[in-house]
Amino acid sequence: MSSAGYGNEKIQKGILTDVTKCIGCERCVQACARVNKLPEDFPAHYKAGDGLSAERFTSIVQIPGKQAGAPRHLRRQCMHCQDPSCAAACLVGAFTKSPDGAVHYDASMCIGCRYCMIACPFMIPRYEYDKPIPYVRKCKMDEQCRVPGGQPACTDACPTGATIFGPREELLAEARQRIAEKPGLYLNRIYGEHIFGGTSVMYISDVPLGDALRIPTAQELKR
């Protein structure tokens with residue numbers, strides 16, 4: 001995929017994760033912790049089933065594979081929604097959708113109401129309950145996470161290309177091409193293309209991801 005547009009803040013960027021390529025090495029998790037100066041010890045495995053916490057902005061979880069005893073690995077992080085519910089729910093405008101695709105959080109404006117946590121359909125924002133002055137924490141996907149070359153540290157660290165960064169439209173084209181080239185491998189779905197108005201973080205997979213990503217089924221959406 002072309003790297004054009006990495007440095008252009010007027011082009012909306014995103015992340016595409018191909019679950020079939022993820023080996024569960026957690027190098028993306030380690031890179032995220034390093035660039036965000038998070039603790040090296042990750043207590044989130046027993047704090048939350050998805051591995052995310054106020055001290056862990058991305059995680060790798062195991063999900064059932066096609067064959068028993070051969071699980072798939074799924075990267076979890078903020079989905080950076082096109083029309084973010086967290087921003088709509090925030091009373092003071094602490095959350096904003098940037099033209100570059102990231103959903104930004106301004107801690108200096110936050111009043112700690114945690115409405116963003118209730119509003120997020122993917123249950124992503126986490127709160128620093130153990131801090132005297134707590135803030136909401138989540139993946140940033142912005143210039144603070146970038147390494148030389150323009151990529152976020154997490155995608156740059158991936159050894160298999162399972163998670164890649166670039167202009168959202170190019171990522172969608174890449175996802176469609178992979179699905180078209182290997183229809184026997186992939187489900188004919190790009191997770192994040194349309195759900196809840198679309199997201200900047202998207203997935204393709206050979207196994208369903210709805211439960212792991214907390215995406216409701218068509219029947220549940222009709223209720």
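In what follows, the structure referred to is the one given above.
Residues numbered from 1 in each chain as written. Predicted model: local features only at pLDDT ≥ 70, side-chain atom pairs only at ≥ 80, totals over all residues. Heavy atoms only, no water.

1. A word on the overall build of the protein chain
Logical step 1: Regarding its fold elements, the protein chain presents eight helices and nine strands.
Logical step 2: Split into buried and exposed, the 223 residues of the protein chain put 48% on the buried side.
Logical step 3: Contacts spanning at least 24 positions in sequence make up 60% of the contacts within the protein chain whose residues lie at least 6 apart.
Logical step 4: Accessible surface for the protein chain amounts to roughly 11,100 Å². Of this, 52% is attributable to carbon and sulfur atoms. (Helix = DSSP H or I, 4+ residues; strand = E, 2+ residues; numbered from the N terminus. Buried < 20%, exposed > 50% of the residue type's maximum accessible area, 1.4 Å probe, protein only. Contact = heavy atoms within 4.5 Å. Areas by Shrake-Rupley, 256 points an atom, 1.4 Å probe, with all protein chains shown as cover.)

2. Section: the pairing of strand β1 (residues 13-18)
Logical step 1: Here β1 lies mainly inside the structure; six of its six residues are buried.
Logical step 2: Going residue by residue along β1, you find Lys13, Ile15 and Thr17 tucked away on one face and Gly14, Leu16 and Asp18 tucked away on the opposite face as well.
Logical step 3: Taken together, the four bridges between β1 and strand β9 (residues 201-204) define a ladder with parallel strand orientation. In the strand pairing of β9, isoleucine 15 is matched with valine 201. (Pairing = 2+ DSSP bridges.)

3. Considerations on helix α6 (residues 168-181)
Logical step 1: The end-to-end C-alpha separation of α6 is 20 Å, in line with the 20 Å expected for 14 residues at 1.5 Å each.
Logical step 2: The complete set of buried residues in α6 reads Arg168, Leu171, Leu172, Glu174, Ala175, Arg178 and Ile179. Here the buried residues of α6 occupy an arc of 160° about the axis, which is enough to place them on one side. Set apart from the buried face of α6 by more than 90 degrees, the exposed residues are Glu169, Ala180 and Glu181.
Logical step 3: Summarising the contacts, the buried residues of α6 are in contact with β1, β8 (163-167) and β9. (Expected span 1.5 Å × (residues − 1). Arc of directions from axis to C-beta.)

Nothing here speaks to function; it is all geometry.
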